[in-house]
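Now for the letters of each chain:
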Amino acid sequence: MTQTTDTNRQMVLASRPVGAPKAENFNLVTSNKPIPQANEVLLRTVFLSLDPYMRGRMNDAKSYADPVALNAVMVGGSVCRVEESNHNDYTKGDWVVAFGGWQDYSVIHGSELLKLDNDMVNPSHALGVLGMPGLTAYMGLLDIGQPKAGETVVVAAATGAVGSLVGQIAKLKGCKVIGIAGGETKCTYAVDSLGFDHCLDHKSDDLAEQLAAVCTSGIDVYFENVGGKVFDAVMPLLNSCARIPLCGLISQYNATELPSGPDRLSSLMGTLLVKRIKMQGFIVFDDYGHRYNEFSEQMVKWLMAGEINYKEHLITGLENTVNAFIGLLEGENFGKLIVRVGPDNID
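Engineer: Where do I start with the packing of helix H2 (residues 132-145) against helix H3 (residues 163-172) in this structure?
Structural biologist: In a packed pair of helices, the relevant descriptors are the angle between the two axes and the axis-to-axis distance. Direction vectors running N to C along H2 and H3 enclose 45°, while the axes themselves pass 9 Å from each other. One way to sum up the angle between H2 and H3 is to call them oblique. Note that H2 runs across H3; the crossing there is right-handed. Two secondary-structure elements touch here, H2 through Pro133, Gly134, Ala137, Tyr138, Leu141 and Leu142 and H3 through Leu165, Val166, Ile169 and Ala170.

Engineer: Is there a simple way to explain helix H9 (residues 292-304) in this structure?
Structural biologist: The end-to-end C-alpha distance of H9 is 18 Å, a good match for the 18 Å that 13 residues give at a rise of 1.5 Å each. Phi turns positive, to about 75°, at Gly306, one or two residues after H9.

Engineer: Explain helix H4 (residues 184-192) here, please?
Structural biologist: Buried within H4 we find Lys186, Cys187, Tyr189 and Ala190. Relative to the axis of H4, the buried residues are bounded by an arc of 160° and lie together on one face. Turned more than 90 degrees from where H4 packs its buried face, Glu184, Thr185 and Asp192 sit exposed. Turning to H4, the residues buried within the fold contact strand S9 (176-181) and strand S10 (198-201).

Engineer: Which parts of the structure should I look at to understand the nonpolar core?
Structural biologist: Nonpolar side chains in soluble globular proteins tend to be buried together. Leu141 and Met299 are the most contacted members of the largest nonpolar core, which has 36 residues in total. When contributions to this core are tallied by element, the ones reaching two or more residues are H2, strand S8 (152-156), H3, S9, H4, strand S11 (219-223), helix H8 (284-288) and H9. With 6 residues, the single largest contributor to this core is H2. Excluding residues that lie within four positions of it along the chain, Met299 makes contacts with Val129, Leu130, Ile169 and Ile308. Grouped together as the second largest cluster of nonpolar side chains are 23 residues, Val154, Ile180, Val230 and Leu268 included.

Engineer: Teacher, can you tell me more about the confidence of the model for the protein chain here?
Structural biologist: The predicted coordinates should not be examined in detail at positions where pLDDT is low. This prediction gives the protein chain a mean pLDDT of 92; 96% of its residues lie at or above 70. Per-element confidence in the protein chain is highest for S11, whose mean pLDDT is 98, and lowest for helix H7 (residues 265-274), whose mean pLDDT is 88.

Engineer: What should I look at first to understand the pattern of salt bridges in this one?
Structural biologist: Opposite charge on two side chains permits pairing when their charged atoms draw close. On inspection of all chains with the given rule, the structure shows 10 salt bridges. Arg9 serves as the salt-bridge partner of Asp104, at 2.8 Å between the closest nitrogen and oxygen. In this pair, Asp104 sits in the loop between strand S5 (95-98) and strand S6 (105-109) while Arg9 sits in strand S1 (residues 7-13), placing the two residues 95 residues apart along the sequence. Across this residue pair, the class does not change: Asp104 and Arg9 are buried.

Engineer: Can you help me understand the side chain of Thr45 in this one?
Structural biologist: Positionally, Thr45 belongs in strand S3 (residues 40-49). For Thr45, a relative accessible area of 0% translates into the label buried. Side-chain polar atoms of Thr45 contact the backbone oxygen of Gln103, separated by 2.8 Å.

Engineer: I'm lost on the sheet that holds S8 in this one. Help?
Structural biologist: Where strands meet in a sheet, backbone hydrogen bonds hold them as pairs that are either parallel or antiparallel. Spatially, S10-S9-S8-S11-S12-S13 is the arrangement adopted by the 6 strands of the open sheet, whose pairing is parallel. Each having just a single partner strand, S10 and strand S13 (278-281) make up the two edges of the open sheet. For this sheet, the mean angle separating the axes of adjacent strands, direction not counted, is 15°. Here S8 pairs with S11 via 3 bridges, running parallel. Residue Val154 lies in a different strand from S11, and its bridge partner there is Tyr222. The sheet strands contacting H3 are S8, S9 and S11, and the helix crosses S8 at an angle near 170°.

Reading the values: the criteria
- Residues numbered from 1 in each chain as written.
- Predicted model: local features only at pLDDT ≥ 70, side-chain atom pairs only at ≥ 80, totals over all residues.
- Heavy atoms only, no water.
- Axes fitted to C-alpha atoms, helices over the stretch in contact; angles between N-to-C directions.
- Helix = DSSP H or I, 4+ residues; strand = E, 2+ residues; numbered from the N terminus.
- Parallel < 35°, antiparallel > 145°, perpendicular 65-115°, else oblique.
- Left-handed = near helix turned anticlockwise from the far one by under 90°.
- Contact = heavy atoms within 4.5 Å.
- Expected span 1.5 Å × (residues − 1).
- Buried < 20%, exposed > 50% of the residue type's maximum accessible area, 1.4 Å probe, protein only.
- Arc of directions from axis to C-beta.
- Core = buried A, V, L, I, M, F, W, Y, C linked by side-chain atoms within 4.5 Å.
- pLDDT = per-residue confidence, 0-100.
- Salt bridge = Lys/Arg side-chain N within 4 Å of Asp/Glu carboxyl O.
- Polar contact = N/O pair within 3.5 Å; in protein donor to acceptor, adjacent residues only side chain to side chain.
- Pairing = 2+ DSSP bridges.

This is the structure in structure tokens:
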């Protein structure tokens, strides 16, 4: 995990995947360490965040953000040490959050960085519970979902970086919380460690029947991270005026064609109409970046009070990033997936 003084390892997009990404879609290359210009900062990556949205950025398709170009560094949020600064707000050794990508070093304009407390005990939390996943859970649930005490909240990918926080926040708001996750171990963790009322295994053949049995009063809020058969099980149970924050559709990210079976669109639209359901997608920093301080203040209070539990899945080594990312899309991670790229010491 050492980083040399004059070279920069970079994981680049070698080809665009068809279906699930494979190792051959990536290439680990070495370049010269970049040199910062006026008002720029040279950063050394310590922690790298891996997130499902990265799969969409590998496609050459119009979306809310430009795709990663072929032979360009894969994008991603990172927590870094400042190695060299040409910006008055930063000095060598500072902790910062950046969008540095899958590489050892990056050069970024100082105005695009977020400075962290240099005494922060867990800087990697700025990529998870105190970062994009935390903001996503907080704003998606509270602003779009608007849960009320006594209501039933269902969350897919319940032990992931976003879902685990959604469920815990819903419990703090006095809701009944049902999680859906992959496997007995994750489901047990959601109940015993996160405080969910129930958690169901999406791999079960009778998921729809199990969900109906525990959602005895229907579903008022469904936080959508997955899509596919999970949403098929949820839809008949939605109450009138239910709310659906549409965060992600990870079950479809590797799809190359529409799902088999009858066209569900008319049924969905009819349900939304007759039950007056609100279903809203959101891009968290575009829609809620201006409210980060509001979220951060509240989340820190919950963490300090021990009211929020948080789990990281830590992988070591930039060379292991590809396999970790492929596993993420298959649900192999348990908690927020973070790659430790380099040491956190100040040279």
